[in-house]
Structures are given as structure tokens and as C-alpha cells.
Amino acid sequence: MPDKLIIRNMTRPEVDILIEWAANEGWNPGLHDAETFWATDSEAFIAAEYNGKLIGGGAITAYQDEFGFMGFFIVQPEYRGRGFGNTLWHARRDRLLARLRPDASIGLDGVFAMQDYYAKGGFVFSHRDIRFRAEIPDYYEAVVNDEAEIIPLASVPFDQIQTYDRTCFPAPRTAFLKAWLNQPDALALGCRREETLTGFGVVRRCREGCKIGPLFADENQTARTLYKHLAVFAKGGPLYLDVPENNPAAIELAHHHEMIEVFGCARMYLGPSPMLAHERIFGVTTFELG
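Values in this document were obtained by computation on a predicted structure and should not be read as measured data.

This paragraph deals with the overall build of the protein. Summing up its helical and strand segments, the protein has eight helices and 13 strands in all. The C-alpha atoms of the protein give a radius of gyration of 19 Å, which matches the 19 Å a tight globule of 290 residues would have. Taken along its principal axes, the extent of the C-alpha atoms in the protein is 65 × 40 × 30 Å. Considering only intrachain contacts with a sequence separation of at least 6, the fraction spanning at least 24 residues in the protein is 75%.

Within this structure, the stated rule accounts for 19 aromatic pairs. A ring pair is formed by Phe67 and Phe69, whose centres lie 6.5 Å apart and whose planes are at 50 degrees; its orientation type is tilted. Phe69 matches Phe67 in its accessibility class, with the two residues each being buried. Across from the ring centre of Tyr164, 4.3 Å away, lies the NZ or CZ of Arg280, which sits over that ring.

With that settled, the discussion passes to helix α1 (residues 12–24). A rise of 1.5 Å per residue sets the reference length of α1, with its 13 residues, at 18 Å; its end C-alpha atoms lie 19 Å apart and thus fit the reference within 8%. All buried positions along α1 are accounted for by Glu14, Val15, Leu18, Ile19, Trp21 and Ala22. For α1, the angular spread of the buried residues around the axis is 160 degrees, confining them to a single face. In α1, the exposed residues that point more than 90 degrees away from the buried face are Pro13 and Asn24.

This next bit is on the pairing of strand β12 (residues 260–270). Pairing geometry for strand β5 (residues 105–111) and β12, over six bridges, is antiparallel. Each bridged residue has a counterpart across the sheet, and for Gly110 the counterpart in β12 is Ala266. In this sheet, β12 lies alongside strand β6 (residues 124–136) in antiparallel orientation, the contact comprising nine bridges. Paired with Ile130 across the bridge in β12 is Gly264.

The subject of this paragraph is unusual backbone geometry. Across the junction of Gly213 and Pro214, the peptide omega takes the value 0 degrees, indicating a cis bond. Summarising the element assignment, Pro214 is placed in strand β10 (residues 210–217). Positive phi outside glycine occurs at Asn51, with the angle close to 50 degrees. Position of Asn51 relative to the elements: it lies in the loop between β2 (45–50) and β3 (53–63). The phi angle at Glu258 is positive, at roughly 55 degrees, despite the residue not being glycine. As for its position among the elements, Glu258 is in the loop between α8 (248–256) and β12.

Take the environment of Leu54 next. Note on placement: Leu54 falls in strand β3. We classify Leu54 as buried; its relative accessible area is 14%. Spatially, the C-alpha atoms of Leu54 and Ser155 are 43 Å apart, while their sequence positions differ by 101 residues. Leave out the neighbours within four places in its chain, and Leu54 touches Met10, Glu14, Ile17, Trp21, Ala47, Ala48 and Glu49.

Going through the model one piece at a time under the given rule, you end up with 22 salt bridges. Close ionic contact of Arg131 with Asp242 constitutes a salt bridge, the shortest N to O distance being 2.6 Å. With Arg131 in strand β6 and Asp242 in strand β11 (residues 237–244), this pair connects stretches of sequence that are 111 residues apart. Salt bridges linked by common partners bring Arg8, Glu14 and Glu49 together as one network.

About the thresholds
Counting restarts for each chain: residues are numbered from 1 in the order of the written sequence. Given that the model is predicted, a residue must reach a pLDDT of at least 70 before its local features are reported, and side-chain atom pairs must reach 80 or more before they are shown or counted; all residues, however, enter totals for whole chains, interfaces and linings. Side-chain numbers here rest on the full set of heavy atoms in the structure, without hydrogens or water. The secondary structure listing takes helices from DSSP runs of H or I that are at least 4 residues long and strands from runs of E that are at least 2 residues long, numbered from the N terminus. All radius of gyration figures rest on C-alpha atoms, and the globule criterion is 2.2 Å times the number of residues raised to 0.38. Whether two residues touch is decided by their heavy atoms; if any such pair falls within 4.5 Å, the residues are in contact. Two rings from Phe, Tyr or Trp (for Trp, the six-membered ring) form a pair when their centres sit within 6.5 Å of each other. Planes less than 30 degrees apart are called stacked, planes more than 60 degrees apart edge-to-face, and all others tilted. Exposure is judged per residue with a 1.4 Å probe applied to protein chains only, and the accessible area is read against the type maximum: over 50% gives exposed, under 20% gives buried, and values in between give partly exposed. Only when the NZ of Lys or the CZ of Arg is both within 6 Å of the ring centre and within 35 degrees of the ring normal is a charge said to sit over the ring. A helix's residues, less one, multiplied by 1.5 Å, set its expected span. Working note: the arc is built from the helix axis to C-beta atom directions. At least two bridges found by DSSP between two strands are what make those strands a pair. A carboxyl oxygen of Asp or Glu within 4 Å of a side-chain nitrogen of Lys or Arg is what we treat as a salt bridge.

Nothing here speaks to function; it is geometry throughout.
Now the structure itself:
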């Protein structure tokens, strides 16, 4: 049938195409995002196919049935302005709602230009997430004045990591964490004080430089210590950190390290805003999956 738009699940190779589109949009995906995202929820990736051609896509990740996240919303430029994106976006929202329990919330990080559009779809603004950039010199070393113990996160029992993560994320995300913390071209570190995990962070290589995400910490000193150790991984290139504006200490950390604001998104929710330890969130895990 001519002029037919089909909304369907993506195949694994099509996720690679979606990642490439994201790179073309300047979103700077990680080198292994496709593998880790697919391992999290292979049913999350939704395609828009027009006359047999893939023209758009996006992710609708379900964390069990407790929380959903919409990301990776892209329509190829030559197909914009024709209503395809609107059809795809509403189909994704409705499909995700169907995957969740009735009282579950859905989050997204949308570019500011789309904020009014998402509001028409029922999403309410929570706060801004700001992407900061620093240039890490070749000679950089992690000089800290902190007696905390910085350890490979792999040496921390997974249940402790998951318990800490749960204070900063609205639902358990076991599959995601296992893939994210063990991805290639990345470094995952924890901070321990008196045998207690007080924060952790991950830095991964991206198309350009590296990104830290998440960066979770009990307080500012722990966040700074983790940041410095993670930044060593990015020596000789740019380092990015996506900072939630509703944590003033996180903004102060970015300014302390002379990071420059380069991009931003509006965090919005459909349904109740999750009750999180916002003071612990110094860096968002990923704009695509939450």
C-alpha cells in the first residue's frame, strides 16, 4: 500500500542506525550504547517505517512495570514537518503506558525547543538537566584531599550498588546496571567510607571524548573526589557531565571544575514526579534511558 506509515518494534541492526542518527544530531552517544541499551530492554526500540523505509525511531524503556522513560526520539530531516513525528511520538507514549502499571510515571529529557510539544502530550516540567564540558589535559592527575577509599565498582557487592542506585532512580534497573557497569571502554568507581558505599560513578568513551554518568554521591566532597578520579580516564580530550539543575551542589561542582555549559534538556514527567534523593544526583546517567 502506498504512503503507509508503520509503527513497529526495531530490529537490533536498526538500533545501530538510530545511534548513528543520534550522533548526526550532535547527541554524542557512547561507543557501546547500542549494546547496553538493547541488553536493558530489547522491546523498547520503536521504528517508524514509511513505504518500506526506516524514517524515524525512539526508545520507550520500561523498568519492570514501575517506571518508563522515553528517549532517542528522531525523525530523519527530510521527513519532518509531515506529521510522521507526531504519529510516532504518540504511538510510543501509548505503547509505553500499556507496558506499565496504571499509577506508574514516565520521564523524558527533551530539548528545550520541544518542551511545549511534550507538555501538550501530558508531560509536566520538573527541572533542567544541563550538559557541561571540560577539557582534560594530558598531564591531569587526580589530586584529592580526602581520606575516602576509591575502589573499582566491580569489587562492591551488586546488591549494595543497586540499593544505592534505587535512591537516585525511580525503579529497580538490574539489567541496565549490569550492562552499564561492565561495558567496554568505560571505568566504574565507587567511594567507600568506613566500609559503607557513599557514591559511585561511571565514565565511558563516546564519539567525542568521554561522558560521566551517573555520578551519585552522598555529598559534595564525595562527588568531587569521584569526579577527579573519573576524569583521569578522559585525559587528553573533552569530558561531559549532565548536571541536574535542581541540585545546587551539582551545579557548583561543575563550576568548581571550570566546566562550560554546552547543551541542555528539560526533564519532564507524565504522572507524579518520582520521590528521589535529588541531593545525591550530581550527574544524570543518560538522557536516552534516564
